Amino acid sequence: EAQVTQNPRYLITVTGKKLTVTCSQNMNHEYMSWYRQDPGLGLRQIYYSMNVEVTDKGDVPEGYKVSRKEKRNFPLILESPSPNQTSLYFCASKGGTTMVEQYFGPGTRLTVT
Amino acid sequence: QQPVQSPQAVILREGEDAVINCSSSKALYSVHWYRQKHGEAPVFLMILLKGGEQKGHEKISASFNEKKQQSSLYLTASQLSYSGTYFCGTEIGGSYIPTFGRGTSLIVHP
């Protein structure tokens, strides 16, 4: 089944404790992206990657890091999480620059206390 | 820059129609529409490219007015399954990587 998976689905952590949210897709998509969703603010892009070893900042990249060492994986790293990073995070992928439909993962709900 | 969606919320009864608007301050190359049901991930509905072409998806259709930098999503004879949050995403350069608006919550009652 074609899908985007994220782990963990739920995470409660404390301020300053490094964490990684994994994202993996099995559709051989070139493009992958991370979004955060907050009430009333919609979906805001954090980082995106056009292909392996190619990443770029989205609209709200502060406090986040990403890497793209393999085509299928695009982990999101929070080196020192803060409470304002409490949010619902979505990973998405699509087939490339000429493809339009993004496929979203199920989401990761992160709470930083 | 996020596009502006209006209204923020719509409450309907089954069978009624709704229109959701999306506007941008920049010239657009494409407009993307997604729907997110409660507790689920957003799902792609359709894309409109510059040229004013109107596209449809069952009873959901959309238009794109390039000159006004606006798009509208039309939901005809709403069904309970239409409930959710609708996001428009706008894109200016042909990358098909949209910037999403804040969303419009649509609630359809029996």
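To be clear, the structure that these remarks concern was listed above.
Residues numbered from 1 in each chain as written. Chains lettered and ligands numbered in written order. Predicted model: local features only at pLDDT ≥ 70, side-chain atom pairs only at ≥ 80, totals over all residues. Heavy atoms only, no water.

Regarding the overall build of chain B
- A count of helices and strands for chain B gives zero helices and eleven strands.
- Start at the N end of chain B and walk to the C end: the helices and strands fall as β-β-β-β-β-β-β-β-β-β-β.
- For 110 residues, the compact-globule formula gives about 13 Å, and the C-alpha radius of gyration of chain B, at 13 Å, lands near that figure.
- Projected onto the principal axes, the alpha-carbon positions of chain B cover approximately 40 × 25 × 20 Å. (Helix = DSSP H or I, 4+ residues; strand = E, 2+ residues; numbered from the N terminus. Rg over C-alpha atoms; globule rule 2.2 N^0.38 Å.)

What about the sheet that holds strand S8 (residues 76-78) of chain A?
Residue and element names in this part refer to chain A.
- One open sheet holds the four strands; their spatial order is S1-S3-S8-S7, and the pairing between them is antiparallel. Of all the strands in the sheet, just strand S1 (4-7) and strand S7 (65-66) have a single pairing partner and so form its edges.
- Bridge count between S7 and S8: two bridges; the pairing is antiparallel. What sits directly across from Lys-65, in S8, is Ile-77. (Pairing = 2+ DSSP bridges.)

Side note on the interface of chain A and chain B
- The interface is formed by 23 residues belonging to chain A together with 19 residues belonging to chain B.
- A buried area of about 1600 Å², summed over both sides, lies between chain A and chain B, and 61% of it is on carbon and sulfur atoms.
- The tally of links between chain A and chain B comes to zero salt bridges.
- Scanning the region where chain A abuts chain B turns up three residue pairs in polar contact (both at pLDDT 80 or more).
- Elements represented by at least two residues in the side of chain A that touches chain B include exactly strand S4 (31-38), strand S5 (42-51) and strand S9 (87-94) of chain A.
- The element contributing the most residues to the side of chain A that touches chain B is S5(A), with six residues.
- Looking at the side of chain A that touches chain B, its residues break down into eleven nonpolar, eight polar and four charged. (Contact = heavy atoms within 4.5 Å. Buried area = accessible area lost by both parts, 1.4 Å probe. Salt bridge = Lys/Arg side-chain N within 4 Å of Asp/Glu carboxyl O. Polar contact = N/O pair within 3.5 Å; in protein donor to acceptor, adjacent residues only side chain to side chain. Nonpolar A, V, L, I, M, F, W, Y, C, P; charged D, E, K, R; others polar.)

Topic: the side chain of Ser78(B)
Residues and elements named next belong to chain B.
- On the secondary structure map, Ser-78 appears in the loop between strand S8 (70-75) and strand S9 (84-91).
- Residue Ser-78 is classed as buried on the basis of its relative accessible area, which comes to 2%.
- If sequence neighbours within four positions are ignored, Ser-78 has contacts with Leu-12, Glu-14, Gly-15, Glu-16 and Val-108. (Buried < 20%, exposed > 50% of the residue type's maximum accessible area, 1.4 Å probe, protein only.)

Focus on the nonpolar core
- Residues Trp33(B), Leu73(B), Leu75(B), Tyr86(B) and Leu106(B) are the most contacted members of the largest nonpolar core, which totals 21 residues.
- Among the elements of the structure, strand S2 (9-13), strand S3 (18-23), strand S4 (30-36), strand S5 (43-49), strand S7 (60-65), S8, S9 and strand S11 (104-109) of chain B are those that each provide at least two residues to this core.
- Beyond its immediate stretch of four places on either side in the chain, Tyr86(B) contacts Gln5(B), Ile20(B), Tyr34(B), Arg35(B), Leu45(B), Ile60(B), Leu73(B), Leu75(B), Gly103(B), Thr104(B) and Leu106(B).
- Counting residues in each nonpolar core, the second largest holds 19 residues, with Val4(A), Leu19(A), Val21(A) and Cys91(A) among its members. (Core = buried A, V, L, I, M, F, W, Y, C linked by side-chain atoms within 4.5 Å.)

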